[in-house]
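Here is how the chains run, residue by residue.
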Amino acid sequence: MTTIEARQEAARLKLEELRCSIDNIDAALIYMLAERFRHTQAVGQLKAANDMPPADPAREARQVARLRELATAAHLDPDFAEKFLAFIIREVIRHHEAIAAGTGQ
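Not measured: the values here are computed from a predicted model.

### Let's talk about a nonpolar patch on the surface
Logical step 1: Together, L76, F80 and F84 line one region of the surface with nonpolar side chains, adding up to about 290 Å² of accessible area.
Logical step 2: Secondary-structure assignment places F80 in helix α3 (residues 78–100).
Logical step 3: Note on F80: relative accessible area 47%, which makes it partly exposed.

Take a look at the structure:
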């Protein structure tokens, strides 16, 4: 085996190791999102049962600020974190609207 081939083989092994870690993190993210959505579904049911609006702009603003701070502390782009949270919030509100309309869980 040449030096280049040995280096490439070492790189392939390291790549596989890194990808395995990424796969594990992805799985953890999915399970965490599922748990989060179980809780937001309960919030939606509570809101619907008490004639509360599906969206809470003040809470959303606090969450955006909080997540931006967490992202900065974690050395993650706060703009990315905000976009990610905005996507989740839109989905949660959609669920809450469906629950309030009687078409959700």
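### Quick look at the packing of helix α1 (residues 3–49) against α3
Logical step 1: Across the interface, α1 lies against α3 with an axial gap of 9 Å and an inter-helix angle of 40°. The orientation of α1 relative to α3 falls into the category oblique. Remark: the crossing between α1 and α3 carries right-handed chirality. Packed against α1, whose contacting residues are L33, R36, F37, T40, Q41, V43, G44, Q45, K47 and A48, the element α3 presents F84, L85, I88, E91, V92, H95, H96, I99 and A100 at the interface.
Logical step 2: Among the residues making up the contact of α1 with α3, the classes are represented as 10 nonpolar, 6 polar and 3 charged.

### Observations concerning α3
Logical step 1: A rise of 1.5 Å per residue sets the reference length of α3, with its 23 residues, at 33 Å; its end C-alpha atoms lie 32 Å apart and thus fit the reference within 8%.
Logical step 2: Taken together, the buried positions of α3 are occupied by A81, L85, I88, I89, V92, I93, H95, H96, A98 and I99.
Logical step 3: Close packing links the buried residues of α3 with α1 and α2 (57–73).
Logical step 4: Two or three places before D79, at the opening of α3, D77 has a side-chain oxygen 3.0 Å from that residue's backbone nitrogen.
Logical step 5: Looking one or two residues beyond α3, the residue adopting positive phi is G102, at roughly 80°.

Cut-offs and rules
Residues numbered from 1 in each chain as written. Predicted model: local features only at pLDDT ≥ 70, side-chain atom pairs only at ≥ 80, totals over all residues. Heavy atoms only, no water. Patch = residues over 30% accessible without salt bridge, like charges linked within 9 Å, V, L, I, M, F, W, Y side chains within 5 Å. Areas by Shrake-Rupley, 256 points an atom, 1.4 Å probe, with all protein chains shown as cover. Salt bridge = Lys/Arg side-chain N within 4 Å of Asp/Glu carboxyl O. Helix = DSSP H or I, 4+ residues; strand = E, 2+ residues; numbered from the N terminus. Buried < 20%, exposed > 50% of the residue type's maximum accessible area, 1.4 Å probe, protein only. Axes fitted to C-alpha atoms, helices over the stretch in contact; angles between N-to-C directions. Parallel < 35°, antiparallel > 145°, perpendicular 65-115°, else oblique. Left-handed = near helix turned anticlockwise from the far one by under 90°. Contact = heavy atoms within 4.5 Å. Nonpolar A, V, L, I, M, F, W, Y, C, P; charged D, E, K, R; others polar. Expected span 1.5 Å × (residues − 1). Polar contact = N/O pair within 3.5 Å; in protein donor to acceptor, adjacent residues only side chain to side chain.

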